[in-house]
Amino acid sequence: HRSESRPPCLRSQRTVSPRATTRFDSGPWRVTMRITTSLALLGVVGATTNDGSRPVAKVKKLLQDMKEELESEQAEDETSKDKMDCWCHTNGEAKKQAITIANKQIDSLTSTIEAKTALSAQLTADISGLKDEIKKNTESLNKATAMRDEEAAQFNDEEKDLLQSIDALKNALVVLGKHNGAAMVSVQSVLKQALAGHNDILADMSSPKKDVVTSFLQLSQPAHFQSYAPQSGQIFGILEEMKEQFEHNLEKAQTNEMNAKESYSQLKSSKEEEIAAGNEAVASKQEDLADSNEATVNAQSDLEDTQNALAADTAFLKDLEERCASFEKEFEERAKTRTDEIAAVGEAMSILNSPEAFDLFGKTTTQTSMETQKKGFLQLGSVSGRSRDARNKAQASLMQVAKSSRDPRLAFLATKVQTADLSEAIEAIEKMIAELDQQNKDEIKKKDWCRDELNENDKQTALADQEKGFLETKIDELTSQIKTLTSDIVDAQNTIKEVKIQVTRAGEDRNGENNEFQQTVADQRATQTILKKVVDRLNQFYEKKEALLQAGGRQDPTPGADAPPPPPGFKEYKKKEGGNKVMSMIEDIIAESQRLENEAVQAENEAQAAYEDFVKSSNKQVGALQQEISDKTATRADAKQEKTQAEQDLKGTNGELQKLTEYRAELHGECDFVMDNFEIRQSMRTEEINGLKDAKAMLSGMR
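Everything numeric here is computed off the predicted structure, so don't read it as measured data.

## Re the overall build of the protein chain
On a plain count of helices and strands, the protein chain comes out with 14 helices and zero strands. When the helices and strands of the protein chain are listed from N to C terminus, the series reads α-α-α-α-α-α-α-α-α-α-α-α-α-α. Sorting the 703 residues of the protein chain into buried and exposed places 32% on the buried side. Put simply, 88% of the contacts in the protein chain that link residues at least 6 apart link residues at least 24 apart.

Here it is, written out as structure tokens:
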């Protein structure tokens with residue numbers, strides 16, 4: 001019965017390969033050999049002893065040794081069984097737990113892959129939608145910019161035309177005040193030019209005024225203009241109204257232009273903010289997409305590794321259960337057989353040690369000895385001297401080889417040469433020669449296989465090391481590229497912020513300059529209006545009253561004879577020379593004010609154009625930077641994904657190198673003994689074959 005006291009199975013015992021587990025050292029062949037050898041030795045002893053009590057004692061000794069050997073083997077089997085039970089339990093529980101964990105990980109990774117794949121699809125759709133929206137906003141902004149440029153050009157043309165018309169009308173009013181034929185021709189020309197671009201003004205006039213203007217425009221000779229003097233006041237008033245209308249139209253056009261600029265500025269700011277926000281969203285979602293794709297690749301790689309590990313663990317567990325069940329069955333069969341054998345040996349010893357056996361052996365000792373000697377002489381008589389010598393030589397040759405090779409089969413065969421039939425002995429020798437020869441061939445194949453496998457392992461290891469170096473270099477390069485791209489993206493983002501700040505500041509400066517321009521133009525025009533009123537008032541006096549004042553100055557008083565002389569009369573009245581000088585100065589001031597106004601308008605137009613060019617250039621720069629950010633973000637995402645794949649490949653290559661290293665260790669464990677001792681084992685086996693052939697030749701000569 002097997003002992004119940006087994007060593008505890010430590011949980012810290014590492015998982016080992018089933019090939020490394022303990023196997024039983026003995027089998028049915030060994031049991032048969034033990035019994036057969038023992039009986040053969042009994043035969044030899046019985047044939048060579050002259051002491052009648054020695055064979056029985058030898059039998060008892062052999063039975064006792066057999067019993068002790070059986071008990072020792074039983075203890076060894078139980079130790080092996082304990083080790084195997086421990087290995088089966090520890091590795092079985094570990095693999096079951098590993099399989100459970102792997103299944104959970106597979107479910108989790110599958111869910112992660114599905115979620116990340118869906119997220120990547122959603123992000124891709126979002127990025128496409130954002131790019132479409134950015135494209136629409138960009139097209140809308142470009143369209144609005146084109147319309148604004150066209151409106152600004154139209155305004156500049158209209159403003160220039162109105163300013164020229166206003167200046168021409170102002171000059172015409174001055175000329176009309178002097179009222180001479182040649183001047184009236186220029187007034188007619190100015191009026192024609194003014195009405196040519198503004199037919200709506202003539203259409204809006206009342207019929208009397210329209211008739212006056214039409215009649216004035218139809219005059220063709222200077223004499224006609226002299227006769228037209230009574231109506232010059234009406235023309236003066238019409239021109240004044242036209243000038244005021246033009247000034248009103250100019251002010252309205254400038255107001256509309258400012259409103260249009262403000263509306264465009266607001267639209268532009270809004271669209272640029274939307275475009276910038278869209279680009280930032282695209283960059284952010286592209287980053288998220290890269291992270292999602294990277295997570296998907298990692299999860300897929302982990303899933304593949306986990307599935308491979310699960311398959312390996314499942315196969316290992318199946319093999320373990322089959323191996324452990326087979327081991328358990330074999331142990332039970334061996335235990336039962338050994339128990340029966342021990343019982344038989346014990347009963348045999350009991351029989352030999354009984355009193356009846358002692359009495360019986362005492363009575364038959366002498367008789368047995370005499371019969372044995374008689375039988376030996378008869379046998380010797382039937383066998384020739386040559387045959388006996390041949391068997392002895394064959395036996396001696398086999399025993400010498402058995403001693404040298406320590407092969408129990410040769411010892412058994414040497415015994416069989418003396419007792420077995422000659423043909424049977426020769427057949428056994430031939431069979432053993434064939435077995436040894438086949439072992440030599442198998443060992444040669446084994447050596448060749450080991451050499452080829454080790455060489456192939458070296459080759460695959462070198463290739464894997466080369467691939468590892470390539471992947472490590474690639475990962476380093478991709479890491480550097482990602483770092484550079486990230487730095488470039490940050491620099492571009494900072495540049496965009498700085499450009500936007502500069503545009504904002506330029507817009508604030510432009511608004512301030514425009515406000516200053518509006519104030520300057522308003523001040524100059526107000527000055528011109530006041531000064532023109534002064535000139536008009538002075539003209540009314542100095543030109544219209546000139547004839548009357550000169551006539552009164554020429555009357556001389558006549559004194560009466562009888563009356564006292566009257567007081568002196570008025571001196572001759574002359575127009576103040578300073579009046580014309582003042583009017584000339586005022587006209588110079590008006591001209592200077594108009595010049596300043598025109599310069600201010602020109603400077604405003606140039607400043608506005610420069611501002612618009614700066615904004616366009618800035619927008620172009622921002623657009624290029626945003627496109628650069630988008631491109632580099634996509635490139636960085638590709639680099640990250642490529643790096644992730646390279647890291648997975650490196651992980652696989654390292655795993656392959658680990659497997660190659662482990663397989664090489666297994667090859668050395670399996671092949672080193674064969675390759676290191678190949679020549680010796682071949683030589684010894686050849687020596688056994690030669691010894692067997694010599695013995696066969698000796699026995700064959702007896703036929």
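The rest of the description comes next.
## A look at the nonpolar core
Note that soluble globular proteins tend to have their nonpolar side chains buried in a common cluster. The biggest cluster of nonpolar side chains holds 16 residues, and the ones touching the most others in it are M84, W87, C88, L303, L310, L320 and C324. Breaking this core down by element, the ones donating at least two residues are α2 (54-178) and α7 (232-353). What C324 contacts, discounting residues up to four positions off in sequence, is M84, W87 and C88. If you look at the next biggest cluster of nonpolar residues, it comprises 14 residues, including I166, L239, F246 and F517.

## Details of the state of the cysteines
Applying the stated criterion across every chain, the model contains two disulfides. There is a disulfide in this structure between C450 and C671, and the S-S distance comes to 2.0 Å. Between C450 and C671, the S-S torsion sits near -75°, and that sign places the bridge as left-handed. A residue pair is termed long-range when its members are at least 10 positions apart, and C450 in helix α11 (residues 422-544) and C671 in helix α13 (residues 577-676) qualify at 221 residues. Of the two residues, C450 and C671, neither departs from the other in class, the shared state being buried.

## Examining the side chain of Q682
Mapping Q682 onto the fold places it in helix α14 (residues 678-700). Within the structure, the side chain of Q682 is placed 3.0 Å from the side chain of E443, a separation counted as a polar contact. With sequence-adjacent residues up to four places away left out, Q682 is seen in contact with N440, E443 and I444.

## Topic: the packing of aromatic side chains
In this structure the tally under the stated criterion is one aromatic pair. The ring of F331 has K81 sitting right over it, with the charged end atom 5.7 Å from the ring centre. For K95, the ring lying beneath its charged end belongs to F316, and the centroid distance is 5.2 Å.

## As for the environment of E427
For E427, the position within the fold is in helix α11. Residue class for E427 comes out exposed when judged on its relative accessible area of 55%. Sequence separation between E427 and K696 is 269 residues; the distance between their C-alpha atoms is 9.0 Å.

## Focus: the pattern of salt bridges
For the structure on display, the rule yields 30 salt bridges. Where R664 meets D458, a salt bridge forms, and the shortest distance between an N and an O atom there is 2.6 Å. Here the residue R664 occupies a position in helix α13, and D458 occupies one in helix α11, the gap between them amounting to 206 residues. Assessed through its relative accessible area of 36%, D458 is described here as partly exposed. In this structure, the salt-bridge partner of E628 is K632, at a minimum N-O distance of 2.9 Å. With E628 and K632 both in helix α13 and four residues apart, the pair spans about one turn of that helix. Exposure remark for E628: the relative accessible area of 29% places this residue in the partly exposed category. Sharing partners across several salt bridges, the network here consists of K81, D85 and E328.

## Some details on the environment of F673
Mapping F673 onto the fold places it in helix α13. The residues touching F673, leaving out its near neighbours within four places in the chain, are F678 and R681.

## Remarks on the side chain of K261
By the secondary structure assignment, K261 is in helix α7. The side chain of K261 is buried and forms no salt bridge, while E604, the nearest opposite charge, is found at 4.1 Å. Not counting the four nearest positions on each side in its chain, K261 is found in contact with R148, E604 and Q608.

## Overview of the environment of F614
Topologically, F614 is positioned in helix α13. F614 gets classed as partly exposed once you look at its relative accessible area, which sits at 34%. Separated by 112 residues in sequence, F614 and Q502 place their C-alpha atoms 9.7 Å apart.

## Side note on the confidence of the model for the protein chain
Averaged over all residues, the pLDDT of the protein chain equals 75, while 66% of them reach at least 70. In this model residues 545-563 is a low-confidence stretch, pLDDT under 50, and it forms 12 contacts with partners more than four residues away in sequence or in other chains. Per-residue pLDDT stays below 50 along residues 569-576; that stretch engages in 12 contacts with residues further than four places along the chain or on separate chains.

Rules of the game
Per chain, residue numbering runs from 1 following the sequence as it is written. For this predicted model, a pLDDT threshold of at least 70 governs which residues receive local features, and a threshold of 80 or more governs which side-chain atom pairs are given and counted, while totals over whole chains, interfaces and linings are taken from all residues. Calculated side-chain values reflect all of the structure's heavy atoms, with hydrogen atoms and water omitted. Here a helix means four or more residues in a row that DSSP labels H or I, a strand means two or more in a row labelled E, and each is numbered from the N terminus. Only protein chains enter the calculation, and the probe is 1.4 Å; a residue is then buried if its accessible area is under 20% of its type maximum, exposed if over 50%, and partly exposed in between. Here a residue-residue contact requires only that any non-hydrogen atoms of the pair lie within 4.5 Å. Residues grouped as a nonpolar core are buried Ala, Val, Leu, Ile, Met, Phe, Trp, Tyr and Cys residues, joined through side-chain atoms within 4.5 Å. When two cysteine sulfur atoms are found within 2.5 Å, that pair is recorded as a disulfide. Under this definition, polar contacts are N or O atom pairs within 3.5 Å; protein pairs additionally need one hydrogen-donor-capable and one acceptor-capable atom, and for neighbouring residues in sequence, both atoms have to be side-chain atoms. When the centres of two rings from Phe, Tyr and Trp lie within 6.5 Å, Trp using its six-membered ring, the rings pair. Their planes under 30 degrees apart give stacked, over 60 give edge-to-face, and anything left gives tilted. Look at NZ for Lys and CZ for Arg. If either is within 6 Å of the ring centre and within 35 degrees of the ring normal, a charge sits over the ring. One side-chain nitrogen of Lys or Arg within 4 Å of one carboxyl oxygen of Asp or Glu is enough to make a salt bridge. Charged residues are defined here as Lys and Arg on the positive side and Asp and Glu on the negative side; His and the ends of the chain fall outside this count. Values of pLDDT, ranging from 0 to 100, describe the predictor's confidence in every residue of the model.

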